[in-house]
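Each chain, written out:
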Amino acid sequence: MKAIAYIGVTAILYTVYKYFSDGARHRDPRRSERPLSLDASSPSSSNPQDNYQVFLSFRGETGKTFTSHLYEALDPQAGIYTFLDVKRLERGEDISPGLDKAIEGSRCAVVVLSGNYASSRWCMDELVHILQCRNDSKIKQIVLPIFYHVNPDDILKQKGRIWEGFQSLKREFPNNEEKVRSWRDALIQLANVAGHHVHDGTNEALFIEDFVKVVSSKLVAPLLNISKDLVGMDSRLKELKQCVSRSPFEDVRFIGICGFGGLGKTTLARAYFKEMSCQFQACSFLANVREVCEKEHDGLVRLQKQLLTDILKGEHTIHNVFEGKGMVSTRLCRKKILVVLDDVDQLNQLEGLAEENNWFGCGSQIIVTTRDESLLKSMYEKKEYIIHKVDKLNYNEALHLFSLKAFKSECPLEDYRDLFTAVIEYASGLPLALVVLGSFLRGKTRDEWKSALDRLKEYPEKAIMGVLRISFDGLGETEKNIFLDIACFFNGSHKDYVMNIMDRCGFFPEIGIRSLVDKSLLHMDDDSQLRMHDLLEEMGKEIVREKSRDEPGRRSRVWLTDDFYHVLNNDTGTKEVEAIVCRHMKVENISTLRGFSNMKKVRLLIVRAMDFKIDRCPDNEYLPNELRLLEWYGFPFKSLPRSFQPHRLVELILNHGKIERLWDNPMMKPLYNLKSIDLSSSKQIRKMENFNLFPNLETLNLDWCDHLEEIDPSIKYLKKLTLLSLNYCKRLKSLPTSISGLESLEVLELYECSSLKSLPESIGVSGDKLQSHGWKNIWNTIGGNGLSSAGLSSLKKLDLSCCHLDQDELPYDFGCLVSLEYLNLGENYFFILPECFNRLSKLKDLHLSYCYFLISLGRQLPDSLECVMVNDCERLSFILDPLRRCLRCSTIFCINCFALVEREGSERMSITSLRRYLQNPPKPSKRFDIVLPGNEIPSWFTHRVKGSSSISLPLHPNWCANRWMGFALSVCFFDTDSLIVKNWFWEIKINQEDWGFGHVHLVRWEGWSKHSFNGDHIWLLYLPCDAYFHSEWHKKSGRIQFSFKSPGENEEFIQCGVRLVYEKDIEELNCLPAEDEDED
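The name given to the chain in an unreviewed UniProt entry is ADP-ribosyl cyclase/cyclic ADP-ribose hydrolase, with the source organism recorded as Rhamnella rubrinervis.

Trainee: Explain the overall build of the chain here, please?
Mentor: Helix and strand content of the chain: 32 helices and 41 strands. Put simply, the chain has 1080 residues, and 53% of those count as buried. For the chain, restricting intrachain contacts to residue pairs at least 6 apart in sequence, the fraction spanning at least 24 positions comes to 68%. With the model as given, the accessible surface of the chain reaches about 48,600 Å², and the carbon-plus-sulfur share is 47%.

Trainee: When you look at the sheet that holds strand S4 (residues 142-148) in this model, what are you seeing that I'm missing?
Mentor: Pairing between the strands of a sheet is mediated by backbone hydrogen bonds and can be parallel or antiparallel. What the 5 strands build is an open sheet, ordered S2-S1-S3-S4-S5; its pairing is parallel. Lying at the two open borders of the sheet, with one neighbouring strand each, are strand S2 (82-83) and strand S5 (196-198). Examined bridge by bridge, S4 and S5 share 3 bridges and lie parallel to one another. Note that in S5 the partner of Phe-147 across the bridge is His-197.

Trainee: Explanation requested: the nonpolar core in the structure shown.
Mentor: One recurring pattern in soluble globular proteins is that nonpolar side chains are buried together. In this structure, Phe-402, Trp-449, Ile-464, Phe-483 and Leu-604 are the most contacted members of the largest nonpolar core, which totals 85 residues. The element best represented in this core is helix H23 (residues 477-490), accounting for 8 residues. Look past the residues within four positions of Phe-483 in its chain and what remains in contact with it is Phe-472, Leu-475, Leu-516, Leu-521, Met-532, Leu-536, Met-539 and Gly-540. Counting 62 residues, the second largest nonpolar core, distinct from the first, contains Leu-627, Leu-654, Leu-679 and Cys-705.

Trainee: Would you mind going over the packing of aromatic side chains with me for this structure?
Mentor: Each aromatic ring pair is specified by the distance between its two centres and by the angle formed by the two planes. One pass over the structure, following the stated rule, counts 39 aromatic pairs. Each ring, one from Phe-564 and one from Phe-596, has its centre 6.1 Å from the other, and the planes form 50°; the classification is tilted. Taken as a pair, Phe-564 in helix H27 (residues 561-570) and Phe-596 in the loop between strand S14 (579-582) and strand S15 (604-607) lie far apart in primary sequence, 32 residues in all. Phe-596 matches Phe-564 in its accessibility class, with the two residues each being buried. Ring geometry for Tyr-829 against Phe-853: centres 6.0 Å apart, planes inclined by 90°, an arrangement best described as edge-to-face.

Trainee: How should the pattern of salt bridges be read in this particular structure?
Mentor: Should the charged atoms of two oppositely charged side chains come close, the side chains can pair. Across all of its chains, the model carries 43 salt bridges by this definition. Here Glu-626 makes a salt bridge to Arg-648, at a shortest N to O gap of 3.1 Å. You can see Glu-626 sitting in the loop between S15 and strand S16 (629-632) and its partner Arg-648 sitting in the loop between S16 and strand S17 (651-653), a full 22 residues away along the chain. Given a relative accessible area of 27%, Glu-626 falls into the partly exposed group.

Trainee: Please explain the side chain of Ser-471 as it appears in this structure.
Mentor: Turning to its location among the elements, Ser-471 is positioned in helix H22 (residues 462-473). Aside from chain neighbours lying at most four places away, what touches Ser-471 is Arg-371 and Leu-521.

Trainee: Sorry, what's going on with helix H32 (residues 1063-1070) here?
Mentor: At 3.6 residues per turn, the α-helix brings residues three or four places apart onto the same side. Of all the residues in H32, the buried ones are Asp-1065, Ile-1066 and Leu-1069. Viewed end-on, H32 has its buried residues packed into an arc of 100°, placing them on one side of the element.

Trainee: Looking at this structure, I do not really get the sheet that holds strand S10 (residues 385-389). What am I missing?
Mentor: Strand order in this open sheet of 5 strands is S7-S8-S9-S6-S10, and the pairing throughout is parallel. Looking along the sheet, the strands with just one partner apiece sit at the ends: strand S7 (282-286) and S10. Here the average twist between neighbouring strands, direction ignored, is 15°. Note: strand S6 (residues 253-258) against strand S9 (residues 365-370), 6 bridges, orientation parallel. Among the inter-strand pairings, Ile-257 is bridged to a residue of S9, identified as Thr-369. Against the sheet, helix H11 (residues 233-244) contacts S6, S9 and S10, and its axis sits at roughly 160° relative to S10. Sheet strands touched by helix H12 (residues 265-276): S6, S7, strand S8 (337-344), S9 and S10. Its angle to S9, the strand with the most contacts, is close to 165°.

Trainee: Where do I start with the pairing of S4 in this structure?
Mentor: Note on strand geometry: in a regular strand, side chains alternate between the two faces of the sheet. Counting buried positions along S4 yields 6 of 7 residues, so the element is predominantly enclosed. In terms of strand pairing, strand S3 (residues 106-113) meets S4 through 6 bridges, oriented parallel. Directly across from Val-112, in S4, lies its bridge partner Ile-146. Considered for its hand, the β-α-β crossover made up of S3, helix H6 (residues 121-135) and S4 is right-handed.

Trainee: Sorry if this is basic, but what is going on with the state of the cysteines here?
Mentor: By definition, a disulfide links the sulfur atoms of two cysteines through a covalent bond. The tally for this structure, following the rule as stated, stands at 0 disulfides. For the unlinked cysteine Cys-705, the closest cysteine sulfur is that of Cys-729, found at 5.3 Å.

Trainee: Would you take a moment to explain the packing of helix H31 (residues 906-919) against H32 for this structure?
Mentor: Describing two packed helices takes the angle between their axes plus the distance from one axis to the other. With their axes 10 Å apart at the nearest point, H31 and H32 run at an angle of 120° to one another. With respect to their mutual orientation, H31 and H32 come out oblique. In terms of crossing hand, the pair formed by H31 and H32 is left-handed. Here Ile-911, Arg-915, Leu-918 and Gln-919 of H31 lie close against H32, whose contacting residues are Ile-1066, Leu-1069 and Asn-1070. The residue inventory of the contact of H31 with H32, partitioned by class, reads 4 nonpolar, 2 polar and 1 charged.

Trainee: Any chance you could explain a nonpolar patch on the surface here in plain terms?
Mentor: Together, Tyr-829, Phe-831, Tyr-852, Phe-853 and Ile-855 make up an exposed nonpolar region whose accessible area comes to about 460 Å². Of note, Tyr-852 is situated in the loop between strand S27 (845-847) and strand S28 (867-869).

Trainee: Help me understand helix H26 (residues 534-545) in this model?
Mentor: The first and last C-alpha atoms of H26 sit 16 Å apart over 12 residues, in line with the 16 Å expected at 1.5 Å per residue. Among the residues of H26, Leu-535, Leu-536, Glu-537, Glu-538, Met-539, Gly-540, Lys-541, Glu-542, Ile-543, Val-544 and Arg-545 are the ones counted as buried. Where H26 is buried, its residues contact helix H19 (417-427), helix H20 (431-441), helix H21 (446-458), H22, H23 and strand S13 (557-558).

Trainee: Before we go on, may I ask you to explain the packing of H23 against helix H25 (residues 509-518) in this structure?
Mentor: At a minimum axis separation of 9 Å, H23 and H25 run at an interaxial angle of 75°. Classified by the angle between their axes, H23 and H25 sit roughly perpendicular to one another. Where H23 approaches H25, its residues Glu-479, Ile-482 and Phe-483 are matched on the opposing element by Pro-509, Gly-512, Ile-513, Ser-515 and Leu-516. Counted by class, the contact of H23 with H25 contains 5 nonpolar, 2 polar and 1 charged residues.

Trainee: What is the right way to look at unusual backbone geometry in this model?
Mentor: Phi is positive for Asp-571, close to 50°, though the residue is something other than glycine. Within the fold, Asp-571 resides in the loop between H27 and S14. Look at Asp-571 and you get partly exposed, because its relative accessible area is 39%.

Trainee: When you look at the environment of Ile-879 in this model, what are you seeing that I'm missing?
Mentor: Note that Ile-879 resides in the loop between S28 and helix H29 (880-886). Taking the C-alpha atoms as reference points, Ile-879 and Arg-903, 24 residues apart in sequence, are found 10.0 Å from one another. Apart from the residues lying within four places of it in its own chain, the contact partners of Ile-879 are Leu-857, Val-870, Cys-894, Leu-900, Glu-904 and Met-909.

Trainee: What is the right way to read the environment of Leu-735 from this model?
Mentor: Along the chain, Leu-735 turns up in the loop between strand S22 (723-725) and strand S23 (747-749). By relative accessible area, which is 8% here, Leu-735 ends up buried. Sequence separation between Leu-735 and Leu-756 is 21 residues; the distance between their C-alpha atoms is 8.2 Å.

Trainee: Mind showing me how you'd approach the side chain of Arg-545 here?
Mentor: On the secondary structure map, Arg-545 appears in helix H26. The contacts of Arg-545, once residues within four sequence positions are left out, are Glu-458, Pro-460, Glu-538, Arg-555 and Trp-559.

Trainee: Got a minute to help me understand the confidence of the model for the chain in this structure?
Mentor: Regions with low pLDDT should not have their predicted coordinates read in detail. Residues of the chain with pLDDT of at least 70 account for 84%, and the chain-wide mean is 81. Contacts from residues 221-226, a stretch scored under 50 in pLDDT, to residues over four places away or in other chains number 12 contacts. Confidence over residues 764-769 falls short of pLDDT 50; this stretch has 12 contacts with residues more than four positions distant or in other chains.

Reading the values: rules and limits
- Residues numbered from 1 in each chain as written.
- Predicted model: local features only at pLDDT ≥ 70, side-chain atom pairs only at ≥ 80, totals over all residues.
- Heavy atoms only, no water.
- Helix = DSSP H or I, 4+ residues; strand = E, 2+ residues; numbered from the N terminus.
- Buried < 20%, exposed > 50% of the residue type's maximum accessible area, 1.4 Å probe, protein only.
- Contact = heavy atoms within 4.5 Å.
- Areas by Shrake-Rupley, 256 points an atom, 1.4 Å probe, with all protein chains shown as cover.
- Pairing = 2+ DSSP bridges.
- Core = buried A, V, L, I, M, F, W, Y, C linked by side-chain atoms within 4.5 Å.
- Phe/Tyr/Trp six-rings, centres within 6.5 Å; stacked < 30°, edge-to-face > 60°.
- Salt bridge = Lys/Arg side-chain N within 4 Å of Asp/Glu carboxyl O.
- Arc of directions from axis to C-beta.
- Axes fitted to C-alpha atoms, helices over the stretch in contact; angles between N-to-C directions.
- Right-handed = clockwise from strand over helix to strand, strands pointing away.
- Disulfide = S-S within 2.5 Å.
- Parallel < 35°, antiparallel > 145°, perpendicular 65-115°, else oblique.
- Left-handed = near helix turned anticlockwise from the far one by under 90°.
- Nonpolar A, V, L, I, M, F, W, Y, C, P; charged D, E, K, R; others polar.
- Patch = residues over 30% accessible without salt bridge, like charges linked within 9 Å, V, L, I, M, F, W, Y side chains within 5 Å.
- Expected span 1.5 Å × (residues − 1).
- pLDDT = per-residue confidence, 0-100.

Have a look at this one:
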């Protein structure tokens, strides 16, 4: 019995042994040969009901080699959530419900079709289900076949190893024709899907690396399911991706998403993170960096730990920031990762988390959301970072977002139109404001809406202001002052105007305004005007108001006229007041200026239109002695108060007032800080004296002082005076001989000084920048005595426009002005330039516009000329021939010169002028412009379109490497009833991205904005590669688009032309027939 029992036990053990050892006969061979043993905690062995990004279908023969390497590259390394089955299935068992769900829940199926794949029932069942999901309109699964040492043609031709495997499987199911047919159809369908091939010569490591990129790109498009609340996100995400794509793919890129609070920087970063994360080996989103570092003692260390955990998994011990930097730099340097550093506001945060590009593997992207773009500029080299500024929402986007929050609908209620329009205007495109206000107003009545809007005018919403104020609180003291001054007084003002005022106040505006721009609190538009978002302006004013809600005299700044009236009339001003700017005053609302007596710290006072009708004694009035800048349009007194001794005053502007003399105080001490005085249009001034009171004065403007008769000899004390402007001082008869002491004088303006007959024998200018303008009535005297005796050899700029000079009045020795660089002879009566002009060897700019009698420029122009303006010279007919030998201008404007073009021909003149410039350009990096009448683009342009202002052409590989010289552009615009010159420019894009140099504007000149075109005209422009080139263009191909833009809506364009200019094209220009330039 024992023997029998022993035999029985032995038989059972042998059976078990055979079961496991010969598992190939009892289990799916694919499953038995799996190389991986994944535990339940592994993402890829999670519940099959979970959603996956990729489902791997394969046969066991590739499990330990190719498929295992592919899985490792997809899931752990690239972070692509991949399903890999490790369950053993009994032969004869149908595909499990778990695998069924896993296939349906995967967005992409990768089928590794090896030689034995079709011999497995389980593989074929998977394939049938995969292709059903591919064809299902609701699932639309992506299917990517890998033909692993298999030729898909063998399937279609029913031959080869894989077909033999299918035939062997077919024989196992002789009674199930329907099942076999479904397998056969699936196999043939897969063979017709474009796939990827691995053959004997394939480097499998490189293949897998490239294939993972393909999978990532396939997963990107549908991955991001943007919430309907994220209005405008699609377009902004696209713009960000285009911005990122400008740098080489393999580089480590630092991308700054910049803008002030509430614009949606973090939201955009999250959307980008979600969409692009599958393209990286690992990812980390470090939220609220600023807040974490502010509120936690070791906040930066915690963020370093989180970064390492997100990328490497597991726990990491870090004792200090320095140790953390070492771990980040050494542990992540070989990984391609995506990191978002959200809300960074200090340089040390970047230093601790992403100090250098070699901390991260090739292709890594570090996204930094910040209000201060200067952080990236300070941390990284220019080639390492990209700045992407987030735009506010446009009107339609703002309305959409607000409607979703206020009405829970994409469209607002029509009954609320006037109210929601007011909210949209108030929010000015700021998403944060639209969300906060929309949520607050939801479900409220019209009356409640009105009440809420009225309250906003006095008490801005704290949730909005709190977010915006974070940027303000991080500013330095001078930056805060500049911000508040601009918010309260100067939003929309020209940069130079604001810079001057801030400089006078001692706020160092060059660095201060730059810092505000970097922190997105300011921006500068195309017209150099400083702009601040409406809600930032409101925040600035609220910061000032919150110091004293009820009493404006206790606030730092006063900008409302009613507040100013209140402070002056009720004498409620205090030393808290720093600045007052009120430009629209009413006389009857002011009773006295004694209210200034308590405002002892006022540094800035700008007042306009205060023309008091009654005479007042200035000594009974008061002005603050701490003033640095005083500007008073319509100053009401004959002199400044005796008590006013502003020793910190830098600039004084008292135009259009009743001032007769500045100070009537013999005890007045010199004002050493005063640099600029403007008394223009002060009709009561008869004599300007006491210059010794402001010895450091640099500019003095006395334009339109109609009754000014005398300038005191004490002007000689103004050793630093650079500008003296006396235009339209019609009663001024002479200048004092002591003017010879003005050794720093650079600009002397004497336009329309009709009583001034001569200058002192020596104006004593030792400098080389003296500029004269409008010497209409003294020119004959100077010219008659000879220019060489006038002491003007250092003159660089001379403006004799509108002097009514005829041919005989042009001096014979003009050539003695050997330093002259700029000459304006416009609106005069001569008909030809004298030959002595060829001696003006430094002359660069020659302006002759509106010289209606001018026939020819003559033959002796200097070859130093770079710019010639002959606009509206109606009789001019001779310009090209004199250009032949010497002139190679970069700018030629011949607007409305129809006689010239009739004789010369617009095409001949434009192309010949371009040729001469290209033959010997004065500066290789300087562009060329010519504008002249014409109705057709020159035939030399290889690409031309009619009836359009836009043209596109292909860029072939190495398009800019084959001796490329530059771009030539031309546009012909239609006469639209005296078309006015506007802000015209060319917009250039390469593959729908800005070319990197911004817009190319039409050259501007004095009076450009008022000039009109009286017929069809051509603008020809050449942009040389020496100035307009990016090295990365060598790698670019695709298309380049040139679009001519104009603010006008009714302008028509006849033609547009473009040519990429190469060295051979310039040689072609040089071979033009010589008869084209025959002289008459």
